[in-house]
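# Observations on chain architecture
For reference, the chains in residue letters:
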Amino acid sequence: MVLKAIKVNKIYIIGIITIMVVTTISFTLIKELKQAIETESNSVVEEKKYIKWVDYNVPLEVMEKTAKLDINSHNKEEKVKLNWIELISCLATKYGGNFKSFKQSDLDSLVEKLKQGEKIENIVSNHELYDYYIEAYTAILEEFIGEYEIQEFENNEKVFKKKYGIKAFLPIAKNYGFSHYDDFGNSRSYGYKRIHLGNDLMGQIGTPIIAVESGIVEACRMESIWWLEGRNKKL
C-alpha cells in the first residue's frame with residue numbers, strides 16, 4: 001500500500017510539473033506573439049506616415065519671390081535668415097495647397113512676423129497640414145538653394161570661393177543649343193500609366209552634359225527613346 005501511494009504521488013507530481021512547463025511555454029509564446037503583433041502594427045502605422053504622392057503646383061512667381069527673400073537674407077547677413085521652403089509651406093498651409101489664392105500681402109505679412117521674431121510654430125494655424133507640406137516641399141526643393149563653392153580667378157590663380165544662392169544648374173554645356181519641352185505632369189505610359197515628373201531637354205548629338213546627380217551609367221547607345229517601352233514590358 002505504501003509503494004502504491006508513492007507511485008500515485010509521483011504521477012501526480014509529474015503531471016503538475018508537466019502542466020506548469022506547458023503553461024510557462026504557452027505564456028511565453030503568447031507574449032512573443034503579442035510583441036510580434038504590436039511590432040507589426042507599429043510598422044504598419046509607420047508605413048502609413050510616409051508621403052507616397054504629392055501634387056507640386058507652386059507657381060513660378062511664388063518660387064521666385066520666396067527664393068529671393070531667402071538668398072538676400074543670407075547674403076545681406078540679416079538677423080533673421082529666411083527659408084524659402086518654410087515660406088512656401090506656410091502659404092500652402094494657408095491656402096490648402098491652392099496657390100490661386102496667393103496674395104503678395106500674405107507673403108509680406110508672413111515675412112514681417114518672422115523678422116519680428118515669431119516662430120513658424122506660432123504662425124501656422126494647422127500644424128498637421130504644415131508638417132505635410134514642409135516634408136513634401138523639402139524633399140523636392142532642399143538642394144536648390146544653399147551654400148556652395150565656385151571656382152574664380154584671383155591674382156591669376158584659381159581659387160574656390162564660398163557662395164550662397166541657387167545651386168541647381170543647367171546640365172547642358174554652355175553655348176550648346178537645345179529644345180525645351182515643358183511637359184511636366186503630362187501622362188506617360190512606358191510600361192505603366194504615370195505622370196511625367198520632369199521636363200525634357202533635347203540637345204544635339206555630342207552635346208556635353210553634366211550629371212545632375214551621382215550614379216553609374218548603365219547603358220549608352222544610339223537608339224530611339226521608344227525602346228524603353230518594350231524594355232519595361234519585358235521587365
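Before any of the text, the structure's been laid out above.
This write-up is about the structure you can find in this document. (Residues numbered from 1 in each chain as written. Predicted model: local features only at pLDDT ≥ 70, side-chain atom pairs only at ≥ 80, totals over all residues. Heavy atoms only, no water.)

Among the structural elements, D70 can be located in helix α2 (residues 60-75). If near-sequence neighbours (up to four positions away) are discounted, D70 is found in contact with L82, N83, W84, I145 and Y164. (Helix = DSSP H or I, 4+ residues; strand = E, 2+ residues; numbered from the N terminus. Contact = heavy atoms within 4.5 Å.)

This part takes up α2. With 16 residues, α2 extends 22 Å between its outermost C-alpha atoms, agreeing within 8% with the 22 Å of an ideal straight helix rising 1.5 Å per residue. Buried within α2 are the following residues: V62, M63, T66, A67, D70, I71 and S73. Mapping the buried residues of α2 onto a view down its axis gives an arc of 160°, with all of them on the same face. In α2, those exposed residues whose orientation departs by more than 90 degrees from the buried face are L60 and K68. In this structure, the buried residues of α2 make contact with α3 (84-95), α4 (104-115), α6 (127-141), β1 (145-154) and β2 (157-166). Positive phi appears at E77, one or two residues downstream of α2, with a value of about 50°. (Expected span 1.5 Å × (residues − 1). Buried < 20%, exposed > 50% of the residue type's maximum accessible area, 1.4 Å probe, protein only. Arc of directions from axis to C-beta.)

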